[in-house]
Amino acid sequence: MALPYARQITARVARVPRTDQGETLVKLEIPRPGGTPEYAITQAGETVEGLYVAYAGPNLVILCDTLHWKVLTWQP
């Protein structure tokens, strides 16, 4: 109970590009042991690395790991 809520969701938003069709994609930076992060490109409604992308907008991404929700902001 003393741990911060959603602490285990360590992914960060690296970029939020748009496709030619106007869809918003999310490039997530996923930390790995050893310091070299991995990157995953996804969009709202998809799951990647155990994280469900509930919403992806131009400045806001909402992730869920089935137990916790985390709101991430992004500045272009």
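To keep things clear, this report deals only with the structure shown in the data block.

Thresholds applied
- Residues numbered from 1 in each chain as written.
- Predicted model: local features only at pLDDT ≥ 70, side-chain atom pairs only at ≥ 80, totals over all residues.
- Heavy atoms only, no water.
- Helix = DSSP H or I, 4+ residues; strand = E, 2+ residues; numbered from the N terminus.
- Polar contact = N/O pair within 3.5 Å; in protein donor to acceptor, adjacent residues only side chain to side chain.
- Contact = heavy atoms within 4.5 Å.
- Salt bridge = Lys/Arg side-chain N within 4 Å of Asp/Glu carboxyl O.
- Buried < 20%, exposed > 50% of the residue type's maximum accessible area, 1.4 Å probe, protein only.

A look at the side chain of T42
- Assignment of secondary structure puts T42 in strand β3 (residues 38-43).
- Of the polar contacts made by the side chain of T42, one reaches the side chain of E46; its length is 3.0 Å.
- Setting aside its immediate chain neighbours within four residues, T42 contacts L25, V26, L28, V48 and V53.

Concerning the pattern of salt bridges
- Applying the stated criterion across every chain yields a total of three salt bridges.
- E38 is the salt-bridge partner of R32, the closest N and O atoms lying 3.3 Å from each other.
- What makes R32 partly exposed here is its relative accessible area of 27%.
- Look at E38 and you get partly exposed, because its relative accessible area is 40%.
- Note that R32 is salt-bridged to E49, the shortest N-O span being 2.7 Å. On the criterion of sequence distance, the pair formed by R32 in the loop between β2 (25-30) and β3 and E49 in the loop between β4 (47-48) and β5 (51-56) is long-range, its members being 17 residues apart.
- The class of E49 is partly exposed, set by a relative accessible area of 49%.

Regarding the environment of L63
- Here L63 lies in strand β6 (residues 60-64).
- For the pair L63 and A6, spaced 57 residues apart in sequence, the C-alpha separation works out to 9.8 Å.
- The residues touching L63, leaving out its near neighbours within four places in the chain, are I9, A11, L28, L51, Y52, V53, H68, W69, K70 and L72.

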